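Below, each chain spelled out in residue letters.
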Amino acid sequence: MNIFMQSLLLTVITLTVSIYVLQKRRRKVATKALPPGSSGWPLVGETHQFLFTKTEPFIQERVKKYSSEIFHTNILGGPTVVLHGPAANKFVSTNETKLVKVWYLKTQRRFFSIPDQTPAPKPEPRQEPASAAPVKILGILKPEGIARFMRNKIESTMHQHFMTHWEGKTEVKAYPLVKAFTFTLVWQFFLGIDEPKLASEFENLYFGIYSVPVNFPGSAYRRALKASAAIRKEIQFLIKEKIDALSKGQSVDGLLAHVVGAEQGGKYVPRFELSNIIMGMMNSSYMPIAVTLAFMIKHIGQRPDIYHKILSGNLRL
C-alpha cells in the first residue's frame, strides 16, 4: 500500500472515529428522556439492518433485546422511536391531533418539497395552510365526494380491465395487473387522464422514500429524485393545460381540474406547491393500494370457503 493510500485510510478512520465520539457525547445528553435503544453506526445508523432485514424480525429482535415495546433507533437518515404492539397502534391512531404530531422522513421532505419541521408559532384561529384549502373546501376526498366524482368510472374501468387482461386466461400474474389497474384509476381520479404514464417514475419515487438518503449515481435515492422532478414537471404541464381549458369554457375532469377551478373563487395555491400536493396523494394511492389488493387476492385464493361466499354474494363482515 503506497503512502497516499495509507494517508487516505488513516484520514477516513480518524474522521469516522471523531464523528462517532461526537455523536456519543451528544447522545448522553439527548437520550436521557428516550426509551432504550441504539443509534447504530455514525451517519447510517441502523438503516442497513432495517433495509436488509424484514421489518418484523428487525422490530422483534429489539423488543426482546430491550424488554420493551418502545425503543429508539436511527433509520433512513433520522432518529426514530418505534412503538410496537396493539396498545402502541391505538395510542398513535387516537392521539394524532393531541399527543402525536405527524412527522415526515427526510426523503419525503426532499421529494415533495416539505419544509423542515421546526417549531413554529401557532396559527391564528381558523387559519388553514394554503395547501389544504382547495382540497378541504371541495370536500371531494370524502367517501361521498369520491363516489359522486367517479360515478361509474371505476366500474367501467374495472370491467374493461378484466375483459382485457383476465377473461379467458388460463394463468394471470395478479400483482402486475392490479398495479396497472390501480395506476389507471389514480390517473383518472387525480388528473382526469385515461392513459397513464410515468409508471416507472412513480415506483422509483415510492421505493426511494424508504431508502438511504445518499445521493450517488445508481442509488434508489438518486432515482427517486429524478422521478419526483419528472412527475412534478408533468403535473405542472397539466395544470397549465387545465387552466387554459377552463379559461376557454371547456369541460375538464379530475381532482386537479377541480382544485385548479377553485382559484376562480380566490383559493389560489402556487403551481409548484399544488404539483407537490397532487404528486403526494398519487404516490400514496398507488403502490400501497396495489400491494393490498395483491395480498387480498392471494389470501382469498387460499380460502375457497371465502371465495365461494364472495361469488355467491353471501359474505358478511
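All of these numbers come straight from a predicted model, not from anything done at the bench. (Residues numbered from 1 in each chain as written. Predicted model: local features only at pLDDT ≥ 70, side-chain atom pairs only at ≥ 80, totals over all residues. Heavy atoms only, no water.)

Asks: Is there a simple way to explain a nonpolar patch on the surface in this structure?
Replies: Where nonpolar side chains cluster on the molecular surface, the patch consists of L34, I70, V81, L83, F91, V92 and L99 and spans about 550 Å² of accessible area. Contributions of two or more residues to the nonpolar patch are made by β2 (78-83) and α4 (86-94). Tracing the backbone shows L99 in the loop between α4 and α5 (106-111). (Patch = residues over 30% accessible without salt bridge, like charges linked within 9 Å, V, L, I, M, F, W, Y side chains within 5 Å. Areas by Shrake-Rupley, 256 points an atom, 1.4 Å probe, with all protein chains shown as cover. Salt bridge = Lys/Arg side-chain N within 4 Å of Asp/Glu carboxyl O. Helix = DSSP H or I, 4+ residues; strand = E, 2+ residues; numbered from the N terminus.)

Asks: What exactly am I supposed to notice about the confidence of the model for the protein chain here?
Replies: Note that predicted coordinates carrying low pLDDT should not be read in detail. Scored by pLDDT, the protein chain comes out at a mean of 77, with 74% of its residues at no less than 70. Taken element by element, the predicted model of the protein chain shows its lowest mean pLDDT in helix α6 (residues 133-138) (47) and its highest in helix α10 (residues 199-209) (93). Predicted confidence is poor over residues 123-138, with pLDDT under 50, and the contacts of this stretch with residues over four places away or in other chains come to 16 contacts. (pLDDT = per-residue confidence, 0-100. Contact = heavy atoms within 4.5 Å.)

Asks: Mind showing me how you'd approach the pattern of salt bridges here?
Replies: One side chain can pair with another of opposite charge once the charged atoms of both are near each other. For the coordinates displayed, the defined rule picks out 6 salt bridges. In this structure, E46 engages R62 in a salt bridge whose closest nitrogen and oxygen atoms are separated by 3.3 Å. In this pair, E46 sits in the loop between α1 (3-30) and α2 (47-52) while R62 sits in helix α3 (residues 55-66), placing the two residues 16 residues apart along the sequence. In this structure R62 comes out as buried when scored by relative accessible area, which is 4%. Residues participating in the shared-partner salt-bridge network are E46, E61 and R62. (Buried < 20%, exposed > 50% of the residue type's maximum accessible area, 1.4 Å probe, protein only.)

Asks: Sorry, what's going on with the environment of I231 here?
Replies: Within the fold, I231 resides in helix α11 (residues 220-247). Along the backbone, I231 and N276 are 45 residues apart, and their C-alpha atoms lie at a distance of 9.2 Å. Here I231 is in contact with L198, E201, F202, L205 and M279, once residues within four sequence places are set aside.

Asks: Help me understand unusual backbone geometry, please; the structure alone is not making it clear to me.
Replies: Negative phi characterises most residues that are not glycine, and trans characterises most peptide bonds. Phi is positive for S67, close to 50°, though the residue is something other than glycine. Position of S67 relative to the elements: it lies in the loop between α3 and β1 (70-75). Judged by relative accessible area, S67 falls into the exposed class, the value being 68%. Positive phi, close to 65°, is recorded for L198, a residue that is not glycine. Relative to the elements of secondary structure, L198 occurs in the loop between α9 (174-191) and α10.

Asks: Just to check I follow, could you spell out α11 for this structure?
Replies: Note on helix geometry: an α-helix contains 3.6 residues per turn, so any two residues three or four positions apart are oriented the same way. Look at α11: 40 Å from first C-alpha to last across 28 residues, which is about the 40 Å you get at 1.5 Å a residue. Looking one or two residues beyond α11, the residue adopting positive phi is G249, at roughly 80°. (Expected span 1.5 Å × (residues − 1).)

Asks: Looking at this structure, how should I read the nonpolar core?
Replies: Nonpolar side chains in soluble globular proteins tend to end up buried together. In this structure, F190, L256, I278 and M282 are the most contacted members of the largest nonpolar core, which totals 33 residues. Of all the secondary-structure elements, those providing two or more residues to this core are α9, α10, α11, α12 (255-261) and α13 (271-301). Ignoring sequence-local partners within four residues, the contact set of M282 consists of V186, W187, F190, L191, F202 and I235. Residues F50, I59, I75 and L76 belong to the second largest nonpolar core, which totals 9 residues. (Core = buried A, V, L, I, M, F, W, Y, C linked by side-chain atoms within 4.5 Å.)

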